[in-house]
Amino acid sequence: MRAVAFATANSALFWCRGWSWAVDGVCESFCNVMTAAAEAAPAAAAAQPGSSSPASLDSPPYSGAALEAHVQRSWSYFRSLGSPKWHVAPMVDQSELPFRMLCRAHGAEAAYTPMLHSRLFLEQQKYRDEHFSTCPGDRPLFVQFCANDPHTFVAAAEIVQEHADYIDLNLGCPQRIAKRGNYGAFLMDDTQLIEQLVLAAATRLRTPVSCKIRLFPDVSKTIEYARMLQAAGCSLLAVHGRLRECKDNSAVRADWDGIAAVRAAVQIPVLANGDVQCMADAQRLMAHTKADGVLSAEPLLSDPALFSSSRQPEATITPLESFQLCREYLELVAAHPSHC
């Protein structure tokens, strides 16, 4: 028993010192698991009947008065959720339920699930059981999928939409597995397919659709891209202020001006992502971009209380706080043992 406790404490201490070191390794392990599925032909996933409502006459793509109505609905919905500002970004194998709940207990107002592979989620109960979990306190919740087939994306989303506040389409993953599987940021080479994905989801799902994107090198192309997503039915847009080619976030500063350009170009709610290391960064990012909220990813792994209102904005985590957060996290793991 003592040996088990010692091992658990050591694991917790490694977490206290920061999980950001593990992100690349975690992503690689995820890549190994997903390679076989990603290399399978997407067309092999047959469309399955859904339970969603049929498309109305006021369906995307929107323009004119219909676009204005879509924007109003998007804002009304966002406000009904409390207009959350501080968001836990999607992180493969990291933004799981106990971690989301820990961040929520310390200032985070909304959270994303880890990215889910739409075809695997649709086809495999075991995959669903292992990779998706939630609880009543886990709201507002963005359930994020990677996808390259509209029918598969919608059918997978239909399974979980009652547990989600947004169904999110991952258009920002820059890793090798995304290139091999033709999803994430590599769909930026086929914006027509992206439009079809968003149109299908916005038309057939009851839960609003959101998208998480990266920037194009040309800001005008990024603006055109964002406006296309809005017209296709996207109700909320999260913008990571880096290019697809940037796989190491620590190597290149996020382009806050690029995010600001998107915020100014579209009318739906926009979240900003990039270089949020503390609450002061989050506040500066919102002020600079005029975004409606911000996301943080790796920094939350080192400091799940990053969004805490009880700290000074420039403050960073202390050793005592790390220990206390470790204890809280282990308690949450024990409370949700099948979800870790």
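Residues numbered from 1 in each chain as written. Predicted model: local features only at pLDDT ≥ 70, side-chain atom pairs only at ≥ 80, totals over all residues. Heavy atoms only, no water.

## What to know about the nonpolar core
Ranked by size, the top nonpolar core spans 89 residues in total, and within it Phe145, Leu229, Leu237 and Phe307 carry the most contacts. Apart from residues no more than four positions distant in its own chain, phenylalanine 145 is found in contact with Met115, Leu116, Ser118, Phe121, Phe153, Ala156, Ala157, Val160, Ile167, Asp168, Leu169 and Asn170. One finds Cys146, Ala178, Tyr183 and Phe186 within the second-largest nonpolar core, a separate group that totals eight residues. (Core = buried A, V, L, I, M, F, W, Y, C linked by side-chain atoms within 4.5 Å. Buried < 20%, exposed > 50% of the residue type's maximum accessible area, 1.4 Å probe, protein only. Contact = heavy atoms within 4.5 Å.)

## Thoughts on the pairing of strand S9 (residues 293-296)
Residues Gly293 and Leu295 of S9 are buried on one face, and the alternating residues Val294 and Ser296, pointing to the opposite face, are buried as well. Here strand S1 (residues 86-88) pairs with S9 via three bridges, running parallel. Pairing of histidine 87 across the sheet is with leucine 295, part of S9. Of the pairings in the sheet, the one linking strand S8 (residues 270-273) to S9 comprises three bridges and is parallel in character. From the neighbouring strand, alanine 272 faces S9, where its bridge partner is valine 294. At this point the chain moves from S8, through helix H12 (residues 279-289), to the parallel S9, and the crossover so formed is right-handed. (Helix = DSSP H or I, 4+ residues; strand = E, 2+ residues; numbered from the N terminus. Pairing = 2+ DSSP bridges. Right-handed = clockwise from strand over helix to strand, strands pointing away.)

## Examining helix H7 (residues 150-160)
A large share of H7 lies buried, amounting to nine of its 11 residues. Where H7 is concerned, the buried positions are Pro150, Thr152, Phe153, Val154, Ala155, Ala156, Ala157, Glu158 and Val160. Turning to H7, the residues buried within the fold contact helix H5 (118-123), strand S4 (141-146), strand S5 (166-171) and helix H9 (191-204).

## Quick notes on empty space enclosed by the protein
Counted under the stated rule, the structure contains two cavities of 30 Å³ or more. Taken as a whole, the second largest cavity encloses approximately 50 Å³ of empty space. Cys278, Met279, Asp303, Leu306, Ser308, Arg311, Gln312, Pro313 and Ala315 are the residues that line the second largest cavity. (1 Å grid on protein atoms, 1.4 Å probe; cavity = no way out; pocket = protein on both sides within 12 Å on 5 of 7 lines; lining within 4 Å. Points joined across faces, edges and corners; volume = space filled by probe spheres on them.)

## Quick look at the pattern of salt bridges
Summed over all chains, the structure comprises 15 salt bridges. The partner of arginine 119 in a salt bridge is glutamate 123, and the shortest N-O contact between them spans 2.8 Å. Of this pair, arginine 119 and glutamate 123 both sit in helix H5, four residues apart, which is roughly one turn of that helix. Here glutamate 123 falls in the partly exposed class, since its relative accessible area comes to 41%. The residue arginine 206 makes a salt bridge to glutamate 162 at a minimum N-O spacing of 2.5 Å. Of the two residues, arginine 206 sits in the loop between H9 and strand S6 (209-215) while glutamate 162 sits in the loop between H7 and S5, which places them 44 residues apart along the sequence. A relative accessible area of 42% places arginine 206 in the partly exposed class. (Salt bridge = Lys/Arg side-chain N within 4 Å of Asp/Glu carboxyl O.)

## Topic: the packing of aromatic side chains
Remark: the centre distance and the inter-plane angle together describe each pair of aromatic rings, the angle taken between the planes. Evaluation of the coordinates by the stated rule reveals 10 aromatic pairs. With centroids separated by 4.2 Å and ring planes inclined at 15°, the aromatic side chains of tyrosine 112 and phenylalanine 142 adopt a geometry described as stacked. With tyrosine 112 in strand S2 (residues 110-112) and phenylalanine 142 in strand S4, this residue pair connects regions lying 30 residues apart in the sequence. Centroid distance phenylalanine 121 to phenylalanine 145: 5.3 Å. Interplanar angle 80°. Geometry classified as edge-to-face. Of this pair, phenylalanine 121 sits in helix H5 while phenylalanine 145 sits in strand S4, and the two are 24 residues apart along the sequence. (Phe/Tyr/Trp six-rings, centres within 6.5 Å; stacked < 30°, edge-to-face > 60°.)

## Side note on the packing of helix H4 (residues 97-105) against helix H14 (residues 319-335)
How two helices sit against one another is set out by the angle between their axes and by the gap between those axes. Where H4 contacts H14, the two axes come as close as 9 Å, and the packing angle between them is 135°. With respect to H14, the axis of H4 lies oblique. Seen from above, H4 lies across H14 with right-handed handedness. For the pair formed by H4 and H14, the contact residues are Pro98, Phe99, Met101 and Leu102 on the first element and Leu325, Glu328, Tyr329, Leu332 and Val333 on the second. Of the residues contributing to the contact of H4 with H14, the split by class is eight nonpolar, no polar and one charged. (Axes fitted to C-alpha atoms, helices over the stretch in contact; angles between N-to-C directions. Parallel < 35°, antiparallel > 145°, perpendicular 65-115°, else oblique. Left-handed = near helix turned anticlockwise from the far one by under 90°. Nonpolar A, V, L, I, M, F, W, Y, C, P; charged D, E, K, R; others polar.)

## Digging into unusual backbone geometry
Here the residue pair proline 60 and proline 61 is connected by a cis peptide bond, since its omega of 5° sits within 30 degrees of zero. Take proline 61: it is sitting in the loop between helix H2 (23-39) and helix H3 (64-80). With an omega of -5°, the peptide bond running from arginine 139 to proline 140 counts as cis. Tracing the chain through its elements places proline 140 in the loop between helix H6 (125-131) and S4. The backbone phi angle of serine 83 is positive, close to 50°, even though this residue is not glycine. Here aspartate 275, not a glycine, exhibits a phi torsion of approximately 65°, which is positive. Along the chain, aspartate 275 turns up in the loop between S8 and H12. Relative accessible area serves as the criterion here: at 13%, aspartate 275 is assigned to the buried category.

## Digging into H9
With 14 residues, H9 extends 20 Å from end C-alpha to end C-alpha; this agrees with the ideal 20 Å at 1.5 Å per step. For H9, the complete set of buried residues consists of Leu193, Ile194, Leu197, Val198, Leu199, Ala200 and Ala201. On its buried side, H9 packs onto H7, S5, S6, helix H10 (219-232) and strand S7 (234-243). (Expected span 1.5 Å × (residues − 1).)

Function cannot be inferred from these measures alone, as they are strictly geometric.
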